[in-house]
Amino acid sequence: MVKNEYNFKNRTALITGGAQGFGLDIAKRFLNSGAKVIIWDIDAKLLDIVKKDIKNENLSSDIVDVSNYEEVEIATLKILKNSNIDVLINNAGITGPTEPLWEYDVEMWNKIIEINLFGTFNCCKAVVPNMIENNYGRIVNVASVAGKDGNANASAYSAAKAGAIGLTKSLGKELADKNIAVNAVTPAGAKTRILDQMSKEHVQKMLSKVPRGRFLEVYEFTSLVCWLSSEENTFSTAAVFDISGGRSTY
Ligand SMILES: NC(=O)c1ccc[n+]([C@@H]2O[C@H](COP(=O)([O-])OP(=O)(O)OC[C@H]3O[C@@H](n4cnc5c(N)ncnc54)[C@H](O)[C@@H]3O)[C@@H](O)[C@H]2O)c1
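Within each chain, residue numbers correspond to sequence positions counted from 1 in written order. Local features in this predicted model are restricted to residues of pLDDT 70 or higher, and side-chain atom pairs are both shown and tallied only at a pLDDT of 80 or more, whereas totals for entire chains, interfaces and linings draw on every residue. Side-chain numbers here rest on the full set of heavy atoms in the structure, without hydrogens or water.

A. Up close: the environment of T95. By definition, any uninterrupted DSSP run of H or I lasting at least four residues is a helix, any uninterrupted run of E lasting at least two residues is a strand, and each is numbered from the N terminus. Here T95 lies in the loop between β4 (87-90) and α4 (106-134). A C-alpha to C-alpha distance of 9.8 Å links T95 and I115, two positions 20 residues apart in sequence. Contacts are residue-level and defined by heavy atoms, with any inter-residue pair within 4.5 Å sufficient. Not counting the four nearest positions on each side in its chain, T95 is found in contact with Y104, I112, Y157, I194, Q197 and M198.

See the structure below:
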């Protein structure tokens, strides 16, 4: 399959939840396309493995919980001491367990919203002022088809991702008079570790709704994120880009 390179030379990209799955694949393609990449994750062990596996001087990482604004602000300032942040990929996320709303643990429900939605807000709040100063920025918020359709037994996740879509539309308009693009992407299921958080039946049900009849491949997702994050994307903003294999046709 074709994996195009993009021109990310002299660009610095921050990817949250970048120690595995979608985030790590995006990091690799950005590095191959000439970017400096910083990955944030809460999984310190995985970050160590990634650093050992990818020996690239353009890659750095930090242990950051995106749901904690103070941590996000401190880590952002650390990056800004050395460079601007041109690209922000708000990718960190959890689905949480598969349960009907009335049986959902309250703490878990809050945590899912805090990571997926507040995490996206926290990172945008910390990074956007630098983008405004430079009149340049590309932000991609990783939502989900669950945020458009609503998945049964995933009320917190669906609500958090719907929130991230609303945030994208709003922030995109706030920044539309500048060379800053803010977009959301709504993938269907891909085989990453996140699927382990949900029941097998739930995953099978998700798959059965996809007209393409298969899981999304991680590299297919990365390709869409790359274009949205590139300098070439000068017009699309405040928009939601679907990558659900025909499941969600709006
Ligand atoms: N894989 C899918 O089927 C699918 C479908 C739709 C949307 N998504 C979304 O894509 C994004 C990436 O998911 P993935 O499939 O690569 O999952 P993943 O579990 O492989 O990776 C997610 C990463 O986020 C990190 N993370 C979790 N909480 C964090 C926090 N508070 N602060 C910082 N990092 C944190 C995890 O440690 C992990 O490394 C998520 O937002 C997810 O909701 C995934």
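B. Representation of the site of the ligand in the model. Proximity criterion: a residue is near a molecule or strand once any of its heavy atoms comes within 4 Å of it. The ligand sits among 28 residues. The nearest are D41, N91, Y157, A190 and T192. Nitrogen and oxygen atoms within 3.5 Å of one another constitute a polar contact, given that in protein one can donate a hydrogen and the other can accept it, and given that sequence-neighbouring residues count only through two side-chain atoms. F22 is positioned such that a nitrogen or oxygen atom in its backbone is 2.8 Å from an oxygen atom of the ligand. Calculation of accessible area relied on Shrake-Rupley with a 1.4 Å probe; when residues are assessed, cover is drawn exclusively from the protein chains displayed. Relative to its unbound accessible surface of 820 Å², the ligand loses 96% to contact with the protein. When contributions to the shell around the ligand are tallied by element, the ones reaching two or more residues are α1 (21-32) and α6 (155-174). Across the shell around the ligand, the residue classes break down as 15 nonpolar, eight polar and five charged. By the convention adopted, Pro, Cys, Tyr, Trp, Phe, Met, Ile, Leu, Val and Ala count as nonpolar, Lys, Arg, Asp and Glu as charged, and the other residues, Gly among them, as polar.

C. Just the packing of α1 against helix α8 (residues 218-229), in detail. Note on geometry: axes are lines fitted to C-alpha atoms, helical ones only across the stretch in contact, with angles between N-to-C directions running from 0 to 180 degrees. The geometry of α1 relative to α8 is characterised by a closest axis approach of 9 Å and an angle of 60 degrees between their N-to-C directions. The angle between the axes of α1 and α8 places the two elements in the oblique class. In terms of crossing hand, the pair formed by α1 and α8 is right-handed. Across from G21, F22, D25, I26, R29 and F30 in α1, the residues of α8 making contact are V218, Y219, F221, T222, S223, V225, C226 and S229. Any angle that is under 35 degrees is reported as roughly parallel, and any over 145 degrees as roughly antiparallel; angles of 65 to 115 degrees are reported as roughly perpendicular and all others as oblique. Handedness of a helix crossing follows the sense of rotation of the near helix relative to the far helix, less than a right angle counterclockwise being left-handed and clockwise being right-handed.

D. Just the side chain of K148, in detail. Along the chain, K148 falls in helix α5 (residues 145-149). Among the polar contacts listed, one links the side chain of K148 to the side chain of D242, at a separation of 2.9 Å. Side-chain polar atoms of K148 contact the backbone oxygen of Y250, separated by 2.5 Å. For K148, the contacting residues outside a window of four places in its chain are I165, T186, V240, D242, S248 and Y250.

E. Local environment of the pattern of salt bridges. One side-chain nitrogen of Lys or Arg within 4 Å of one carboxyl oxygen of Asp or Glu is enough to make a salt bridge. As enumerated under the stated definition, the model contains eight salt bridges in all. Its salt-bridge partner being D48, residue K51 comes within 3.9 Å of it at the nearest N-O pair. With K51 and D48 both in helix α2 (residues 44-53) and three residues apart, the pair spans about one turn of that helix. Only protein chains enter the area calculation, which uses a 1.4 Å probe; residues under 20% of their type maximum are buried, those over 50% are exposed, and those in between are partly exposed. Its relative accessible area of 42% is what places K51 among the partly exposed residues. Judged by relative accessible area, D48 falls into the partly exposed class, the value being 39%. Here the salt bridges do not stand alone but share partners, grouping R11, D86 and E231 into one network.

F. Quick peek at the packing of α4 against α6. Running from amino to carboxyl end, α4 crosses α6 at an angle of 20 degrees, the nearest separation of the two axes being 7 Å. What the angle tells us is that α4 and α6 run roughly parallel. Considering only the axes of α4 and α6, their crossing is right-handed. Residues W109, I112, I113, N116, L117, T120, F121, C124 and V128 of α4 touch α6, and the partners they reach there are S155, A156, Y157, A159, A160, K161, G163, A164, L167 and L171.

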